[in-house]
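Close look at the chain arrangement
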Amino acid sequence: QVQLVESGGGLVQPGGSLRLSCAASGSIFSIYAMGWYRQAPGKQRELVATITSGSSTNYADSVKGRFTISRDNTKNTVYLQMNNLKSEDTAVYYCNADVQQVPNMVLIRSWGQGTQVTISS
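First, a word on what this report is: a plain description of the structure on this page. Please read these numbers as outputs of a predicted model, since none were measured by experiment. (Residues numbered from 1 in each chain as written. Predicted model: local features only at pLDDT ≥ 70, side-chain atom pairs only at ≥ 80, totals over all residues. Heavy atoms only, no water.)

Pairing geometry for strand E1 (residues 2–7) and strand E3 (residues 18–26), over 6 bridges, is antiparallel. Its bridge partner being in E3, Leu4 is matched across the sheet by Ala24. (Pairing = 2+ DSSP bridges. Helix = DSSP H or I, 4+ residues; strand = E, 2+ residues; numbered from the N terminus.)

As paired elements, strand E4 (residues 28–39) and strand E5 (residues 46–51) share 5 bridges and run antiparallel to each other. Bridge pairing links Tyr37 to Leu47 in E5. A loop of 6 residues connects E4 with E5, the two strands running antiparallel in sequence, and Gly42 in this loop sits at a positive phi of about 75°. Of the strand pairs in this sheet, E5 and strand E6 (residues 57–59) are connected by 3 bridges, and their pairing is antiparallel.

Below, the discussion takes up the nonpolar core. Counting residues in hydrophobic clusters, the biggest one holds 31 residues, and the most contacted among them are Trp36, Leu80, Met82 and Tyr93. Leaving out residues up to four positions away in the same chain, Met82 has contacts with Gly16, Ser17, Leu18, Leu20, Arg66, Phe67, Tyr93 and Val117. (Core = buried A, V, L, I, M, F, W, Y, C linked by side-chain atoms within 4.5 Å. Buried < 20%, exposed > 50% of the residue type's maximum accessible area, 1.4 Å probe, protein only. Contact = heavy atoms within 4.5 Å.)

As far as function goes, none of this settles anything; it's purely spatial.
Printed below as a string of structure tokens:
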């Protein structure tokens, strides 16, 4: 099994910053793409940013220039630095990872449990 644990969410004022972390653990042979998604109340889950194993990145238009995704392959961890936060960024943020497991070498997409990010004055 593979577990993803997010941390770093919280309440911050508009214009503020937060850094989310997501650490993968368990029966991991290799981790390929990792990403962050978010789901606001009453809305569908949406892509925020993704990063490949080679550190190529992709962002939703709504966060370009404000959010930065990065990863530390030695720690099996993906980060999301969020700057200039807006009220519309309020959501539960989920990380995911495409993981090749041991010992069966099956590739799965694993999700974290989510962390709440609230932007409010």
